[in-house]
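Okay, here's what each chain looks like letter by letter:
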Amino acid sequence: YYGRKILHMLMSHPEFEKMLSKHLPGNLLRNVQDVVDNLKQKGLGERPSELSSARSRKSGHGSRSNSSVRGGSANSPAEGAAPVQTQRRPLVRTDEARMEEVKTMTDLLAANNWQQRYEGISKFQAMCETYPQVVSSQIIKIFDKFLPRLTDSNSKVNLYALKVMLDVVPLIKDSMGSVISLTVSAVAPNLSSKNKEIYSTAAEIMDALIDNLGETNFYFDFA
């Protein structure tokens, strides 16, 4: 629903058709045009239950929160024990080392072997969680290799990339303005997938993009 909603909003832009032809490769263009034609004929349709969406998001957040609490309690000192004061020097990673990590990650994302691409997605998620500022500074380069995984020919890689995309949107939302149109274009074909998990995850990504970036950003970026 949310992917169709975004396309429905963009359809009113006078340059919409031109931008689609300019920015989308042939296979994606056909998929998106099919969705657009369906919108023109049948309209947007009814909005799904907000309650079920909220429960889904709350459940996901709750599980991550609980795991964090469990992890924190396991590392806490025993009750009554004297606190141990240790001085640790912060782990300093040079920019050069981080750029090497980016290169390794992007090479994996573009690998021929699906297991290596899968590993690259894991590294992308870890970098978003640990060094979001690095991802932000290299977002064009990284997304150039990551976004094709959202429509990967291997269904395991395809679904995993979508799930990771959903998780990292809140982490890197401030730097996604420059890649939002490319992201929407890469996610959109999954909205016509017969795989329910792929379809539902893609719809949740569209929802997350609207929630975190706002509708206005879509208009500006496609203008």
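Note that this is a predicted model, so its numbers are computed, not measured.

### Remarks on helix α6 (residues 114-130)
No. 1: The end-to-end C-alpha distance of α6 is 24 Å, a good match for the 24 Å that 17 residues give at a rise of 1.5 Å each.
No. 2: Residues of α6 that are buried: Arg117, Gly120, Ile121, Phe124, Gln125, Met127 and Cys128. On an axial view of α6, the arc spanned by its buried residues comes to 165°, and they lie on one face.
No. 3: Where α6 is buried, its residues touch α5 (95-109), α7 (132-137), α8 (139-146) and α9 (155-172).
No. 4: Put simply, Asn113 is the residue that caps the front of α6, since its side-chain oxygen is 2.7 Å from the backbone nitrogen of Gln115.

### Focus on the nonpolar core
No. 1: The biggest cluster of nonpolar side chains holds 44 residues, and the ones touching the most others in it are Phe124, Phe143, Phe146, Leu150, Met165, Met176 and Leu209.
No. 2: When contributions to this core are tallied by element, the ones reaching two or more residues are α3 (26-42), α5, α6, α7, α8, α9, α10 (180-187) and α11 (196-213).
No. 3: The element contributing the most residues to this core is α9, with ten residues.
No. 4: Excluding residues that lie within four positions of it along the chain, Phe146 makes contacts with Leu109, Ile121, Phe124, Ala161 and Met165.

### Examining the confidence of the model for the protein chain
No. 1: On average, residues of the protein chain carry a pLDDT of 76, and 62% of them reach 70 or more.
No. 2: Counting contacts from residues 219-223, a segment whose pLDDT is below 50, to residues more than four positions away or on other chains yields twelve contacts.

Conventions adopted
- Residues numbered from 1 in each chain as written.
- Predicted model: local features only at pLDDT ≥ 70, side-chain atom pairs only at ≥ 80, totals over all residues.
- Heavy atoms only, no water.
- Helix = DSSP H or I, 4+ residues; strand = E, 2+ residues; numbered from the N terminus.
- Expected span 1.5 Å × (residues − 1).
- Buried < 20%, exposed > 50% of the residue type's maximum accessible area, 1.4 Å probe, protein only.
- Arc of directions from axis to C-beta.
- Contact = heavy atoms within 4.5 Å.
- Polar contact = N/O pair within 3.5 Å; in protein donor to acceptor, adjacent residues only side chain to side chain.
- Core = buried A, V, L, I, M, F, W, Y, C linked by side-chain atoms within 4.5 Å.
- pLDDT = per-residue confidence, 0-100.

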